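Below, each chain spelled out in residue letters.
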Amino acid sequence: MYVPFENLPGESKIWIYQSNRKFSDAEFSEIETDLQSFLNEWAAHGTSLECSYLLKYNRFIILAVNQEIQAATGCSIDSSVEFIQSLEKKYNVDLLDKMNVTFKLGDHIAHKPLIDFKKMVKDKAVTENTIVFNNLVNNIEEFNESWEVPALDSWHSRFF
C-alpha cells in the first residue's frame, strides 16, 4: 500500500537504485506512474507493504518499506528487483550495478565506473570534499543524514 514518503518512520528500510544516465522528465513521469502501480500491489506473504518511493535528480529511484507494519521478505524483495529490471529493459539503463559512483561536480550530477572515480581521485579531479551519493544507507533516517555527503564522510573515503 503506497503512502507518501514523508509519512514513513525514519527506521523504514530503503533501497537506492542509481541510473547510469539521467532520465528525461517524460521518462521520470512514466516511472512514477509505474512505481505507484507496483507499490499499490507490493506485498509480503499476502500482506500489503506500507511503502513509498522518492525520485531524485532524474537519476535515483528510492524504494522504502515500513518494516514495523510488515517486513519485506525474500519474495517481496525479489519482486521489487524484477520491477527494477523491467525499468532497466524499458529505458535501456543500468540501475543495479553497484560498482559505479555518482557524485556532484558543481550543479552537475556525474556518474562514473568506480575505476574512473579512483583515477579522478588520483588526478585530483575530485577531492575529499566532493559530494558523493552514499547508496549504502539502510533507512530513511540514514538517507536524510548521510546520503549526500563529502566523500571523506562516506565509504568513498578509502580512495583518498
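See the structure shown above.
These notes cover the structure that comes with them. Being a predicted model, the structure only gives us computed values, none of them experimental. (Residues numbered from 1 in each chain as written. Predicted model: local features only at pLDDT ≥ 70, side-chain atom pairs only at ≥ 80, totals over all residues. Heavy atoms only, no water.)

**Some thoughts on the pattern of salt bridges**
Thought 1: Applying the stated criterion across every chain yields a total of 4 salt bridges.
Thought 2: Between K104 and E148 there is a salt bridge, and its shortest N-O distance comes to 2.8 Å. Residue K104 is located in strand β6 (residues 100–105), and its partner E148 is located in strand β9 (residues 148–150); the two are separated by 44 residues in the primary sequence.
Thought 3: For K104, a relative accessible area of 23% corresponds to the partly exposed category.
Thought 4: The salt bridge partner of D123 is K119, with a shortest N-O separation of 2.8 Å. (Salt bridge = Lys/Arg side-chain N within 4 Å of Asp/Glu carboxyl O. Helix = DSSP H or I, 4+ residues; strand = E, 2+ residues; numbered from the N terminus. Buried < 20%, exposed > 50% of the residue type's maximum accessible area, 1.4 Å probe, protein only.)

**Looking at the side chain of N66**
Thought 1: Looking at the secondary structure, you find N66 in the loop between β5 (60–65) and α2 (74–91).
Thought 2: Look at N66 and you get buried, because its relative accessible area is 5%.
Thought 3: Separated by 2.8 Å, the side chains of N66 and E50 make a polar contact.
Thought 4: The contacts of N66, once residues within four sequence positions are left out, are L8, P9, S12 and E50. (Polar contact = N/O pair within 3.5 Å; in protein donor to acceptor, adjacent residues only side chain to side chain. Contact = heavy atoms within 4.5 Å.)

**Things to note about a negative patch on the surface**
Thought 1: Judged by side-chain charge, E11, E68, E141, E142 and E145 come together as a negatively charged surface patch.
Thought 2: Within the secondary structure, E68 sits in the loop between β5 and α2. (Patch = residues over 30% accessible without salt bridge, like charges linked within 9 Å, V, L, I, M, F, W, Y side chains within 5 Å. Areas by Shrake-Rupley, 256 points an atom, 1.4 Å probe, with all protein chains shown as cover. Lys, Arg positive; Asp, Glu negative; His and termini not counted. Charge placed at Lys NZ, Arg CZ, Asp CG, Glu CD.)

**Re the side chain of S154**
Thought 1: Turning to its location among the elements, S154 is positioned in the segment after β9.
Thought 2: Here A151 takes part through its backbone oxygen, which lies 3.1 Å from a polar atom of the side chain of S154.

**Some details on the pairing of β6**
Thought 1: Relative to strand β7 (residues 108–113), β6 runs antiparallel, the two being bridged by 6 bridges. Of the residues in β7, the one forming a bridge with K104 is I109.
Thought 2: Connecting the antiparallel pair β6 and β7 is a turn made up of 2 residues, with G106 showing a positive phi of about 65°. (Pairing = 2+ DSSP bridges.)

**Structural notes on the packing of aromatic side chains**
Thought 1: The final tally for this structure, using the stated rule, is 17 aromatic pairs.
Thought 2: Ring plane angle 70° and centroid distance 6.3 Å describe the contact between F5 and F143, whose orientation is recorded as edge-to-face. Here F143 lies in helix α4 (residues 140–146) and F5 lies in the segment before β1 (13–18), a separation of 138 residues in the sequence.
Thought 3: Classification of F5 by relative accessible area gives buried; the value is 8%.
Thought 4: The cationic tip of K56 hangs over the ring face of Y57; the distance from NZ or CZ to the ring centre is 5.6 Å. (Phe/Tyr/Trp six-rings, centres within 6.5 Å; stacked < 30°, edge-to-face > 60°. Lys NZ or Arg CZ within 6 Å of the ring centre and 35° of its normal.)

**Points about the sheet that holds strand β4 (residues 51–56)**
Thought 1: In space, the 3 strands of this open sheet follow the order β1-β5-β4, with antiparallel pairing throughout. Where the open sheet ends on each side, the last strands, each with one partner, are β1 and β4. Going from strand to strand, the sheet's axes swing by 15° on average, the running direction of each strand aside.
Thought 2: When β1 meets β5, the two strands line up antiparallel, connected through 6 bridges. If you follow Y17 over to β5, its bridge partner there is I61.
Thought 3: Docked against the sheet, helix α1 (residues 25–41) engages β4 and β5, running at close to 170° with respect to β4. (Axes fitted to C-alpha atoms, helices over the stretch in contact; angles between N-to-C directions.)

**Quick notes on the nonpolar core**
Thought 1: Of all hydrophobic cores here, the largest spans 24 residues; its most connected members are I31, L35, W42, I61, L63, L87 and L95.
Thought 2: Of all the elements in the fold, those that place two or more residues in this core are β1, α1, β4, β5 and α2.
Thought 3: At 5 residues, the largest contribution of residues to this core is made by α1.
Thought 4: In this structure, L95 is in contact with Y17, Q18, S19, F23, I61, I84, L87 and E88, ignoring residues within four places of it in sequence.
Thought 5: Counting 14 residues, the second largest nonpolar core, distinct from the first, contains F5, F60, I109 and V137. (Core = buried A, V, L, I, M, F, W, Y, C linked by side-chain atoms within 4.5 Å.)

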